[in-house]
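Structural overview
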Amino acid sequence: MTKTTQLGVVMDPIASIQPAKDSSLALLLQAQAAGWQLHCLEMQDLWLRDGEAFGRATPIGVADDPDHWFQPGDPVVMPLHELDVLLMRKDPPFNMEYIFATYILERAELKGSLVMNRPQALRDANEKMVVSWFPDCVPPWLVSSSMAELRAFIAEQRRVVVKPLDRMGGRSIFVTHADDPNRNVILETLTNDGSQFVMVQKYIDEAPQGDKRIILIDGDPVPFGLLRIPPPDDFRGNLCTGATPQAVPLTERDRWICNQIGPQLRSQGLLFVGIDVIGDYLTEVNVTSPTGIRELDRFCGLNIGRDIIAAIANKLG
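Residues numbered from 1 in each chain as written. Predicted model: local features only at pLDDT ≥ 70, side-chain atom pairs only at ≥ 80, totals over all residues. Heavy atoms only, no water.

Before going further, it helps to spend a moment on helix α4 (residues 147-157). For α4, the set of buried residues is Met147, Leu150, Phe153, Ile154 and Gln157. Along the axis of α4, the buried residues cluster in a sector spanning 130°; they form a single face. Here the buried face of α4 lies against β9 (141-144), β10 (159-164), β11 (174-177), α5 (183-190) and β12 (198-202). (Buried < 20%, exposed > 50% of the residue type's maximum accessible area, 1.4 Å probe, protein only. Helix = DSSP H or I, 4+ residues; strand = E, 2+ residues; numbered from the N terminus. Arc of directions from axis to C-beta. Contact = heavy atoms within 4.5 Å.)

Rendered as structure tokens:
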């Protein structure tokens, strides 16, 4: 008799998601269609006891229904390694609580669970700083907490984007320039008066034309990207800040970038990744909880969730 694959997803409360947009739900729907048994866990449902990882897992059924997208069962306490697959889909902030959770998941991985994305890789691949792995693909950038270094970089590049290192969805991102009277206030605020690192990237002139999300599955790109065009009153190409989505075929440059980064993502155990490309440049590598697959599915007639679950099943053997 074939054993049913047991899948656990660590995520924010499933009751609070936007089902029409949520990539975790898309994965759960396809895992359920493959006959897998589904379990949801939140961060507070994880713990270590004497070196063994445990979880309070809630069995669920899911539906592609905007009003009733999940049906929970009774929570069960279990060793996490009893789950064949664990998906770490908790949204940032990428803080120490997130890091601690990856240590717990790593203990389950060591006992045989397939954890995606890999806990070690999640710790190593900060979504902003991971661009340092691929210097040929990115615009000029700096990570520093030094006001002098930050101001010098802005003077050199003239116009820049300033980002915190631990957030998502365009939160606390600023555009500033060498003559901006608010420049120092922005830097003081984001660095907490010089005590926290921030990233500063050269502003890419093509930004008003859109920020392209490209999905890679085990290092290979989906053939279409999700171009997110900022609204007239905002520079951020994030759907949650009002950007307009549009599906576009990958360009030759997009494919070149994916060819540069795909093998390393694969070797690190980063199976589901969403990269951001503006113009000719890679700007971020999203590894914690990439989104955009439901929009691409609708625009292009794809089923990216099914392809991701198939890639995971292939790793299970």
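We are not done yet, so read on.
A few words on a nonpolar patch on the surface. A contiguous nonpolar surface patch, about 320 Å² in accessible area, is contributed by Met96, Phe100 and Tyr103. Along the chain, Tyr103 falls in helix α2 (residues 96-110). (Patch = residues over 30% accessible without salt bridge, like charges linked within 9 Å, V, L, I, M, F, W, Y side chains within 5 Å. Areas by Shrake-Rupley, 256 points an atom, 1.4 Å probe, with all protein chains shown as cover. Salt bridge = Lys/Arg side-chain N within 4 Å of Asp/Glu carboxyl O.)

Turning next to the pairing of β9. The side-chain alternation of β9 yields one buried face, formed by Leu142 and Ser144, and one unburied face, formed by Trp141 and Val143. As judged from the four bridges shared by β9 and β12, these two strands associate in the antiparallel manner. Residue Ser144 lies in a different strand from β12, and its bridge partner there is Val198. (Pairing = 2+ DSSP bridges.)

Within the secondary structure, Asp180 is located in the loop between β11 and α5. A relative accessible area of 15% places Asp180 in the buried class. Each C-alpha atom of the pair Asp180 and Arg158 lies 9.9 Å from the other, and the pair is 22 residues apart in sequence. Those residues in contact with Asp180 that sit more than four places away from it in its chain are Val175 and Ile186.

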